[in-house]
Amino acid sequence: MPSEFFRTSSTWVVDFRYEGHPRRWFKVMRPGVDVRALMATELRQLYGDRAQVVDVRPATDEEEAQYLRGEEPGNAFCPTGRRGSGPGAA
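Residues numbered from 1 in each chain as written. Predicted model: local features only at pLDDT ≥ 70, side-chain atom pairs only at ≥ 80, totals over all residues. Heavy atoms only, no water.

Examining the side chain of Glu-63
Then step 1. Its place among the elements puts Glu-63 in helix H3 (residues 61-68).
Then step 2. For Glu-63, the side chain forms a polar contact with the side chain of Arg-57, separated by 2.7 Å.
Then step 3. Beyond its immediate stretch of four places on either side in the chain, Glu-63 contacts Val-13, Arg-24, Phe-26, Arg-57 and Pro-58. (Helix = DSSP H or I, 4+ residues; strand = E, 2+ residues; numbered from the N terminus. Polar contact = N/O pair within 3.5 Å; in protein donor to acceptor, adjacent residues only side chain to side chain. Contact = heavy atoms within 4.5 Å.)

So, the packing of aromatic side chains
Two descriptors summarise a pair of aromatic rings, namely the distance from one centre to the other and the angle between the planes of the rings.
Then step 1. Considering all chains together, one arrives at 3 aromatic pairs under this definition.
Then step 2. Both rings, one in Tyr-18 and one in Tyr-47, keep their centres 4.8 Å apart while their planes meet at 65 degrees; by these two values the pair is edge-to-face. On the criterion of sequence distance, the pair formed by Tyr-18 in strand E1 (residues 10-18) and Tyr-47 in helix H2 (residues 35-47) is long-range, its members being 29 residues apart.
Then step 3. A relative accessible area of 10% means that Tyr-18 is categorised as buried.
Then step 4. Given a relative accessible area of 6%, Tyr-47 falls into the buried group. (Phe/Tyr/Trp six-rings, centres within 6.5 Å; stacked < 30°, edge-to-face > 60°. Buried < 20%, exposed > 50% of the residue type's maximum accessible area, 1.4 Å probe, protein only.)

Structure, rendered in structure tokens:
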């Protein structure tokens, strides 16, 4: 049940650097997860040593609302290499 997951989860902001450029992801995690360690592992699997975690923190109420509305952070990076499809995407 997707709704149960969102009732028991928290939205996190993950700031990282990819090839020296700042990036940000929103991630939804269950309670009790070591988000920093999980994200460090995920970034290492995706990008090797080209990405490093900078900061991991709970999202503010406004950031969580932004995520739930489907709005991506301004510096989101698509791991597939495709351009975004949102407003302002070229």
